[in-house]
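Here's the letter readout for the chains.
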Amino acid sequence: MKFVFVLFSLFSIFGFSQNSNASKEVQEKQELIVKEHLNDCAQQYDYRILMSERQKCLDAGLAKDSTIAYLWQQKAMPLFKMRKYEAGMVFLDKAVKYDEKRWLDYRAFIKCIFVKSYKDAIVDFEKCKTLSGNSYVMDHSYDFHIALSYLQLNEFQKAERIFKQDTDDQKERLGEAHHLDLFYYGISLYEQNKFKESIEIFNRALKQYPEFSDVKFYKAIAMIRAGQPRELADILLEEAKKDLEKGYSINEDQIFYEMYPYQIRKLIN
């Protein structure tokens, strides 16, 4: 029995793109293979229930053309959702092998947010920057992910420098930086005991996203560490608790699958 795959997938936003280095004739043949073996076959199975059936569909397509990078990525995708990172990376490496231009930044993103192999993520993102500049993947710049990786490696000064440059650039181009970028910029300062400076950055994030519970939590702790009145920090902590209970936290699409760095799970009195 088949189960229609209806669960929203953050990975589905990519859609199908043929191997970027293939000829038009090859691309047309690959499109037909993808339609038959992914659209009309694999996507009819929910990976959570019928993983083997889904993979068999993709394997049949790859038996016809093993160079279709998108099919390799589709084999990897559900494994990352199930936290089978090493198994998934075997297939994602194949996708990058056959179409590096299309899938290298995606692999770098997976290494940063899912696999949490931060040094490897930095290597991939730096190569992406060499190939196409400081572009974007999953709504955030390559530099954002590089800085986040350094933050997770406890290299706080490097993280601060990159976050500052990236958020300054966004402010100049867009009027203000993304609230998540500002959150982590503030964290990079907080981790260096630059509490007053971190509070200033946290305030910028809260102007955009007033209910951002994670920001309120770290801002409150920074206020206490900076010697500000405890009663004001306690008020902010209570706000953070209520906002978190209402679901106001980091709001990236992939949060359904992975916790983000410094994300608050629960606040208790």
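Our structure's up above, just so we're on the same page.
Sequence order as written defines the numbering, with residues in each chain counted from 1. Residues qualify for local features only when their pLDDT is at least 70, as the model is predicted, and side-chain atom pairs are given and counted only at 80 or more; totals for whole chains, interfaces and linings, by contrast, use all residues. To get the side-chain values, take all heavy atoms of the structure and skip hydrogens and water.

Draft legend 1. A look at helix α12 (residues 230-245). Taking 1.5 Å per residue, 16 residues should reach 22 Å; α12 reaches 23 Å between its end C-alpha atoms and fits that length. Buried, partly exposed and exposed residues are distinguished by accessible area as a fraction of the type maximum, computed with a 1.4 Å probe on protein chains only: under 20%, between the cut-offs, and over 50%, respectively. In this description a helix means any DSSP run of H or I spanning at least four residues, a strand means any run of E spanning at least two, and both kinds are numbered starting from the N terminus. For α12, the set of buried residues is A233, L236, L237, A240, K241, D243 and L244. For α12, the angular spread of buried residues about the axis comes to 165°, placing them on one side. Those residues of α12 that are exposed and angled more than 90 degrees off the buried face are E231 and E245. Looking at the buried positions of α12, the neighbouring elements they touch are α11 (213-225). Positive backbone phi, at 95°, marks G247, one or two positions downstream of α12. To estimate the expected span of a helix, count its residues, drop one, and scale the result by 1.5 Å. Along the arc lie the directions from the helix axis toward the C-beta atoms. The criterion used for residue contact is that any of the two residues' heavy atoms lie within 4.5 Å.

Draft legend 2. Seen up close, the packing of helix α1 (residues 24-39) against helix α3 (residues 69-81). As a packed pair, α1 and α3 sit with axes 10 Å apart at the nearest point and diverge in direction by 15°. Of the possible angle classes, the one that applies to α1 and α3 is roughly parallel. In the crossing of α1 with α3, the sense of the turn from one axis to the other is right-handed. Facing I33, V34 and L38 of α1, the residues of α3 in contact are Y70, L71 and Q74. Polar here means any residue other than Ala, Val, Leu, Ile, Met, Phe, Trp, Tyr, Cys and Pro, which are nonpolar, and Asp, Glu, Lys and Arg, which are charged; Gly is therefore polar. Looking at the contact of α1 with α3, its residues break down into 5 nonpolar, 1 polar and no charged. Think of each axis as a best-fit line through the C-alpha atoms, taken over the contacting stretch in the case of a helix, with angles from 0 to 180 degrees between the N-to-C directions. Put simply, angles under 35 degrees are roughly parallel, angles over 145 are roughly antiparallel, angles from 65 to 115 are roughly perpendicular, and the rest are oblique. By convention, the crossing between two helices is left-handed when the near helix turns anticlockwise from the far helix through less than a right angle, and right-handed when the turn is clockwise.

Draft legend 3. Quick look at the pattern of salt bridges. Salt-bridge detection follows one rule: a side-chain nitrogen of Lys or Arg within 4 Å of a carboxyl oxygen of Asp or Glu. If you walk through the whole model with that rule in mind, you get 21 salt bridges. In this structure, K116 engages E258 in a salt bridge whose closest nitrogen and oxygen atoms are separated by 2.7 Å. Placement of the pair is K116 in the loop between α5 (100-115) and α6 (118-132) and E258 in the segment after α12, with a sequence separation of 142 residues. For E258, a relative accessible area of 5% puts it in the buried group. Through salt bridges with shared partners, a single network forms among D93, R107, K111 and D124.

Draft legend 4. Structural detail: the environment of L79. Turning to its location among the elements, L79 is positioned in helix α3. Separated by 76 residues in sequence, L79 and E155 have C-alpha atoms that sit 30 Å apart. When near neighbours in sequence (up to four residues on either side) are disregarded, L79 contacts M51, Q55, K84, A87, G88 and F91.

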